[in-house]
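Secondary and tertiary structure notes
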Amino acid sequence: MCMSKSHKTTLRNWAVIAMTLILAFVLAACASQSATTEAEPEPEAEAVEAEPVEPVEVRVASLKGPTSIGLASFIANVDNLGLNNTYTFTIATAADEILPSVIKGETDIALIPANAAAVLYNKTEGGISVIDINTLGVLNVVTGDESIQQFSDLAGKTIYMTGKGATPEYAMNFLLDKAGITDVTLEFKSEPTEVVQALSADATAVGVLPQPFATAACVKNDALKAVIDLTDVWAASVDDGSQFLTGVTVVRNEFLAEHPEAVAEFIAQQAASVDAANADPAGVAPLVVSAGIIDAEPVAAKAIPSCHLVCITGTEMQSALSGYLQTLFNSDPASVGGALPADDFYFLG
């Protein structure tokens, strides 16, 4: 059967239309697939493992006495803690043995008296920072006089103590002034043992002794009692956040800049060691003696609870320490090195 010319033309037109529609559909499908492909997120790159921190030797120096007690467990167990760094510990008998070694770069971290840290900061022109407070006040009023139970009972008394022209005298005068006590006589001795002798010779005598001497005196003479803790008296006398302090921990800023991970590791282990001492004084006492910090285990065990071992960091550390240094500065600027440290003295983490 033959088609007319008009029918053939119509079929060709429909064919063209059909092909056009098919082509449009194909192009739309391709465009949709392309958009979908572009919208798919690229696979994440594999995480690159951080390079291990190179171990370093951390040289630590501290003082014989309460300032070092909080390190006893750390020192005893350092080889079994699986730490990234190695540690060497030196226990000195005086701060004068430690400060030059910090200045020379021979000691990286040091546990020293709070005011000595300010002196060192000024001497090094800001070359060190305080990373924590390790010990609060360690001074106790010791007496055989049972009428003395609180700080106000010291009015009219003669008090034997050490530390003339130093922080014990400044702190005691500050507390007496806060309490409004003006008729106390401070009689200074050169050594704590001389204070103990005065207390033993007169049952009514009153003395101020640091730990562990206060505990040792009471152990040897059961007529004596540590009746007032000056750390508690300070806390009740102020409202500025300051605290009565003994020791702080400092680090050379050069070491801190080069090995921040090591400093963080040290602080963590120091805090754990302090917790161990406070939780189990009797168990830590042998470690204190073996480290050469205190000579007798019974004294160490009884003294630890009164030593106020802490590891205070950050803004609390700054508030407590800055207020304490301000009190010393007000009494004698030379006691803190002639000037109060700037804010960069306090490492806030």
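Residues numbered from 1 in each chain as written. Predicted model: local features only at pLDDT ≥ 70, side-chain atom pairs only at ≥ 80, totals over all residues. Heavy atoms only, no water.

**Quick notes on the overall build of the protein chain**
- A count of helical and extended segments in the protein chain gives 14 helices and eleven strands.
- Buried positions account for 44% of the 349 residues belonging to the protein chain.
- The contacts of the protein chain with a sequence gap of at least 6 include a subset with a gap of at least 24, amounting to 80%.
- If you sum the accessible surface of the protein chain, you get close to 17900 Å²; carbon and sulfur atoms cover 54% of it. (Helix = DSSP H or I, 4+ residues; strand = E, 2+ residues; numbered from the N terminus. Buried < 20%, exposed > 50% of the residue type's maximum accessible area, 1.4 Å probe, protein only. Contact = heavy atoms within 4.5 Å. Areas by Shrake-Rupley, 256 points an atom, 1.4 Å probe, with all protein chains shown as cover.)

**So, the packing of aromatic side chains**
- Across all of its chains, the model carries eleven aromatic pairs by this definition.
- Relative to Tyr87, the ring of Phe74 lies with its centre 5.2 Å away and its plane at 65°, an arrangement referred to as edge-to-face. Of this pair, Phe74 sits in helix 3 (residues 72-77) while Tyr87 sits in strand 2 (residues 86-92); the two residues are 13 residues apart in sequence, bridging distant segments of the chain.
- What makes Phe74 buried here is its relative accessible area of 2%.
- Residue classification places Tyr87 among the buried positions, given a relative accessible area of 9%.
- Between the aromatic rings of Phe74 and Phe266, the centroid separation amounts to 5.8 Å while the plane-to-plane angle is 45°, which identifies the pairing as tilted. Of this pair, Phe74 sits in helix 3 while Phe266 is found in helix 11 (residues 260-279), placing the two residues 192 residues apart along the sequence. (Phe/Tyr/Trp six-rings, centres within 6.5 Å; stacked < 30°, edge-to-face > 60°.)

**Details of the sheet that holds strand 9 (residues 225-229)**
- One open sheet holds the five strands; their spatial order is 7-6-8-5-9, and the pairing between them is mixed. Each edge of the sheet is formed by a strand with only one pairing partner; in this case those strands are strand 7 (185-188) and strand 9. Sheet twist, expressed as the average angle between the axes of neighbouring strands with direction ignored, equals 35°.
- Pairing of strand 5 (residues 139-143) with strand 8 (residues 206-210) involves five bridges; the strand directions are antiparallel. Each bridged residue has a counterpart across the sheet, and for Val142 the counterpart in strand 8 is Gly207.
- The strands touched by helix 7 (residues 192-201) within the sheet are strand 5, strand 6 (158-161) and strand 8, with strand 8 carrying the most contacts at an inclination of about 150°.
- Set on the sheet, helix 9 (residues 230-237) makes contact with strand 5, strand 8 and strand 9; between it and strand 9 the angle comes to about 20°. (Pairing = 2+ DSSP bridges. Axes fitted to C-alpha atoms, helices over the stretch in contact; angles between N-to-C directions.)

**Observations regarding the sheet that holds strand 10 (residues 245-252)**
- Taken in spatial order, the six strands of this open sheet run 2-1-3-10-4-11, and their pairing is mixed. Of all the strands in the sheet, the pair left with one neighbour each is strand 2 and strand 11 (309-312). Taken over all neighbouring pairs, the strand axes of this sheet differ in orientation by 25° on average, direction set aside.
- Each of strand 1 (57-63), strand 2, strand 3 (109-113), strand 4 (128-136) and strand 10 touches helix 4 (residues 95-103); the most contacted strand, strand 3, lies at about 140° to it.

**Some words on the side chain of Thr67**
- By the element assignment, Thr67 lies in helix 2 (residues 66-69).
- Given a relative accessible area of 8%, Thr67 falls into the buried group.
- Non-local contacts of Thr67, meaning those with residues more than four positions away in its chain, are made with Leu111, Ile112, Asn134, Thr135, Thr246 and Gly247.

**Quick look at the nonpolar core**
- One finds Ile133, Phe151, Met172, Leu230 and Leu321 to be the most contacted residues of the largest nonpolar core, which totals 57 residues.
- With residues near it in sequence (within four places) discarded, Ile133 still touches Leu245, Gly247, Val248, Val310, Cys311, Ile312, Met317, Ala320 and Leu321.
- Val60, Leu71, Ile109 and Phe255 belong to the second largest nonpolar core, which has 18 residues in total. (Core = buried A, V, L, I, M, F, W, Y, C linked by side-chain atoms within 4.5 Å.)

**Here's the deal with the pattern of salt bridges**
- Applying the stated criterion across every chain yields a total of six salt bridges.
- The closest approach of N and O atoms between Arg59 and Asp108, which form a salt bridge, is 2.9 Å. In this pair, Arg59 sits in strand 1 while Asp108 sits in the loop between helix 4 and strand 3, placing the two residues 49 residues apart along the sequence.
- The partner of Arg252 in a salt bridge is Glu254, and the shortest N-O contact between them spans 3.7 Å. (Salt bridge = Lys/Arg side-chain N within 4 Å of Asp/Glu carboxyl O.)

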